[in-house]
Amino acid sequence: MTDNAPTPAPVPQPAAPAPAAKPITRADFLWTGWAMLAAFFGASAAATARFMFPNVIYEPSQKFNAGPAKSYDLGVSIKFLSEQRVWIIRNEKGIYAMWARCTHLGCTPNWWGDQNRFKCPCHGSNYTIAGDVIAGPAPRPLWRCKVELSAKGDLIIDKAVLEDLPGKRELAPYFLEMA
Ligand code: FES
């Protein structure tokens, strides 16, 4: 044999046998089952708890105190127009409050005392002082709010309770008779 004879390639050795997989025992199987059951009941309990506390938006109260009822003179008061979006209207018989929201698409009409009407700046609906539509696209009268008198004579207005039907809106609780 000479010095420049090729070195023989290494002979591949067989891979070591993989360790045998641990067999699943009856105890493993039972523990897996219990774990899945616990996860199921845990998720159900969490969903039930979440259901008990729904997402609620706490909006400000729709009721407000408009001050002494007797402080309102005959005619339309805009005292609470910007703060509460309500006109307070006094006539010879009593007092009522109207929600200042056009029944067409919800703009805020303006009171035009010289023309004795509310006029909506958006699409031209006009309403009488009673809230009835006399011009424009508004489909129905303005809404009146519930009004009541507090023990000390303040006017309490509730914008969550509304009425617009002639015949009903002129009666309590949407109209407060005043001597
Ligand atoms: S929103 Fe008032 S007329 Fe259209």
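An account of the accompanying structure is given in this report. (Residues numbered from 1 in each chain as written. Predicted model: local features only at pLDDT ≥ 70, side-chain atom pairs only at ≥ 80, totals over all residues. Heavy atoms only, no water.)

**A closer look at the nonpolar core**
Inference 1: Within the largest apolar cluster, 15 residues are counted, with the highest numbers of intra-cluster contacts made by Ala66, Tyr72, Val86, Ile88, Ile95, Leu155 and Ile157.
Inference 2: Those elements that place two or more of their residues in this core are β1 (63–68), β3 (86–90), β4 (94–99), β9 (144–149) and β10 (154–163).
Inference 3: Sequence-distant contacts of leucine 155, defined by excluding residues within four places in its chain, comprise Phe64, Asn65, Ala66, Gly67, Ala69, Tyr72, Ile88, Ile95, Val147, Glu148 and Leu176.
Inference 4: Core analysis: the next-biggest nonpolar cluster, separate from the first, contains 14 residues, Leu81, Cys120, Ala138 and Leu142 among them. (Core = buried A, V, L, I, M, F, W, Y, C linked by side-chain atoms within 4.5 Å. Buried < 20%, exposed > 50% of the residue type's maximum accessible area, 1.4 Å probe, protein only. Helix = DSSP H or I, 4+ residues; strand = E, 2+ residues; numbered from the N terminus. Contact = heavy atoms within 4.5 Å.)

**A short note on the state of the cysteines**
Inference 1: Throughout the structure, instances matching the rule amount to 1 disulfide.
Inference 2: Across the disulfide, cysteine 107 is cross-linked to cysteine 122 (sulfur-sulfur distance 1.9 Å). A torsion of -95 degrees about the S-S bond marks the disulfide between cysteine 107 and cysteine 122 as left-handed. Of this pair, cysteine 107 sits in the loop between β4 and β5 (110–112) while cysteine 122 is found in the loop between β6 (117–119) and β7 (126–127), placing the two residues 15 residues apart along the sequence.
Inference 3: You can call cysteine 107 partly exposed: its relative accessible area is 21%. (Disulfide = S-S within 2.5 Å.)

**A short note on the side chain of arginine 169**
Inference 1: Positionally, arginine 169 belongs in the loop between β10 and β11 (176–177).
Inference 2: A distance of 2.9 Å separates the side chain of arginine 169 from the side chain of glutamate 170, its partner in a polar contact.
Inference 3: Residues within four places of arginine 169 in sequence aside, it is in contact with Ala130, Asp132, Pro141, Arg144, Glu163, Asp164, Tyr174 and Phe175. (Polar contact = N/O pair within 3.5 Å; in protein donor to acceptor, adjacent residues only side chain to side chain.)

**Concerning the environment of threonine 128**
Inference 1: Within the element layout of this structure, threonine 128 appears in the loop between β7 and β8 (133–135).
Inference 2: On a C-alpha basis, the gap between threonine 128 and asparagine 116 in space is 6.9 Å, while along the polypeptide they are 12 residues apart.
Inference 3: Not counting the four nearest positions on each side in its chain, threonine 128 is found in contact with Phe118 and Ile134.

**Concerning the environment of glutamine 115**
Inference 1: Positionally, glutamine 115 belongs in the loop between β5 and β6.
Inference 2: You can call glutamine 115 partly exposed: its relative accessible area is 34%.

**Points about the pattern of salt bridges**
Inference 1: Inspection of the entire model under this criterion finds 6 salt bridges.
Inference 2: With its nearest N and O atoms 2.6 Å apart, the salt bridge here joins aspartate 164 to arginine 140. Here the residue aspartate 164 occupies a position in the loop between β10 and β11, and arginine 140 occupies one in the loop between β8 and β9, the gap between them amounting to 24 residues.
Inference 3: When its relative accessible area of 37% is taken as the criterion, arginine 140 is described as partly exposed. (Salt bridge = Lys/Arg side-chain N within 4 Å of Asp/Glu carboxyl O.)

**Observations regarding the packing of aromatic side chains**
Working definition: an aromatic ring pair is given by the centre-to-centre distance plus the angle between the planes.
Inference 1: Tallied over the full model, the rule gives 5 aromatic pairs.
Inference 2: Pairing tryptophan 87 with phenylalanine 118 gives two aromatic rings, centres 4.1 Å apart and planes at 35 degrees, and the pair type is tilted. One end of the pair, tryptophan 87, is in strand β3; the other, phenylalanine 118, is in strand β6, with 31 residues separating them in the sequence.
Inference 3: Look at tryptophan 87 and you get buried, because its relative accessible area is 0%.
Inference 4: Residue class for phenylalanine 118 comes out buried when judged on its relative accessible area of 0%.
Inference 5: Three or more aromatic residues joined by ring pairs form one cluster here, namely Trp87, Trp111 and Phe118.
Inference 6: Cation over ring: lysine 119 sits above tryptophan 112, and NZ or CZ is 4.6 Å from the ring centre. (Phe/Tyr/Trp six-rings, centres within 6.5 Å; stacked < 30°, edge-to-face > 60°. Lys NZ or Arg CZ within 6 Å of the ring centre and 35° of its normal.)

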